[in-house]
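What follows is each chain in one-letter form.
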Amino acid sequence: MRALALHLALLAGLLALHFVLPAYHHGNLARVMVLASYAIGYNLMFGYTGLLSLGHALFFAAGMYGAGLMVQHGGLGAGAAFVVGVVVAAGVAAALALLALRTVGVGFMIVTLMFAQAGYLGILYFSEITGGDEGFVLPQAGRMLGGVDLRAPDARYLAALALFSACLLSSLALVRAPFGRVLVAIRENEERVRMLGYDTQATKRVAMVLSGAISGAAGAGYAILFGYVGASFAEVQYSILPLLWVLLGGAGTVLGPFIGALFMFYLIDLASGVTSAYMLIAGVALVVLTLYAPQGIMGEVRRRLWRGLP
């Protein structure tokens, strides 16, 4: 109950901030919540299952383009397009799982990176449909949900909060369930889990599909809420960023992805206002944090203050 109360308190705090934040931070926090939802999907695969992917941008972009293309060329509304984006991302994750999970360790990393790059090049190749490197802006009609215009700052923030809440609470329920315990056991010692009679390959496939679906939901949400779909979201950068967010916030903790995404977003935002070499400042801060909090922010909280923190 303490863990659930903590997570509900965070969501209540985010809802309260909706009414008091100035416009700039209001928009930033909406963006952070969507990106944190993406990091939650990554954390399920990396933090809990121990599968280090370097191609997660494939799932984010699959959700983004699945939703965006349905709006742009299929004439669907925001709700239906969002569902299509999630389904497409889950399907891509299921197909990739059949191939990538035949490998382990570095091989898995390379295979996921290879397919993500293939997805990125495919977006560029079919530029007449995808908009290529420039991408495309979603029309107003595709950003309406039940008569609500998601372009409005208030509606966009609340929709981002709803998406983040669903991802956060689903992740909490999942990792506290027996299935989540099996994922952690696979991360710690897969051979022993296999000896106990569990089908570890099937479990990892399910984890990968769930991770892809959550990441795809974030991608679809980003496209609909912020109105832009572009190939830059399929680049390697967007496979590395969720890894950094999870490591900074605390891999294998439910709140870690949000804390890491929030910290990284504002670190870069503040540093860029001081110097054009803002990545140098961000890099130094990240090195210091890694040295003194090797388990991430929430990982250190769990180690020092609350051993039962999920």
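Residues numbered from 1 in each chain as written. Predicted model: local features only at pLDDT ≥ 70, side-chain atom pairs only at ≥ 80, totals over all residues. Heavy atoms only, no water.

Quick notes on the overall build of the protein
Helices and strands together make up the secondary structure of the protein, namely 13 helices and four strands. Oriented by its inertia axes, the alpha-carbon framework of the protein measures out at about 55 × 45 × 40 Å. Considering the protein as a whole, with its 310 residues, one finds that 49% of them fall into the buried category. For the protein, contacts bridging at least 24 residues in sequence account for 76% of all contacts bridging at least 6. A total accessible area of about 13900 Å² is found for the protein, and carbon and sulfur atoms account for 68% of it. Of the charged side chains in the protein, 17 are positive and 12 negative; the average position of the first set lies 13 Å away from that of the second. (Helix = DSSP H or I, 4+ residues; strand = E, 2+ residues; numbered from the N terminus. Buried < 20%, exposed > 50% of the residue type's maximum accessible area, 1.4 Å probe, protein only. Contact = heavy atoms within 4.5 Å. Areas by Shrake-Rupley, 256 points an atom, 1.4 Å probe, with all protein chains shown as cover. Lys, Arg positive; Asp, Glu negative; His and termini not counted. Charge placed at Lys NZ, Arg CZ, Asp CG, Glu CD.)

Focus: the pattern of salt bridges
Tallying each qualifying case throughout the model produces seven salt bridges. For the salt bridge of E300 with R303, the shortest nitrogen-to-oxygen distance reads 2.8 Å. Within this pair, E300 and its partner R303 are both found in helix 13 (residues 297–304), separated by three residues, close to a single helical turn. On the basis of relative accessibility, which here comes to 6%, the residue E300 falls in the buried class. In this structure, R304 and E300 form a salt bridge, with 3.0 Å as the shortest nitrogen-oxygen distance. Of the two residues, R304 and E300 both sit in helix 13, four residues apart, roughly one turn of that helix. (Salt bridge = Lys/Arg side-chain N within 4 Å of Asp/Glu carboxyl O.)

With respect to helix 13
Every buried residue of helix 13 is accounted for by M298, G299 and E300. Where the residues of helix 13 are buried, they touch helix 10 (237–249) and helix 11 (256–272).

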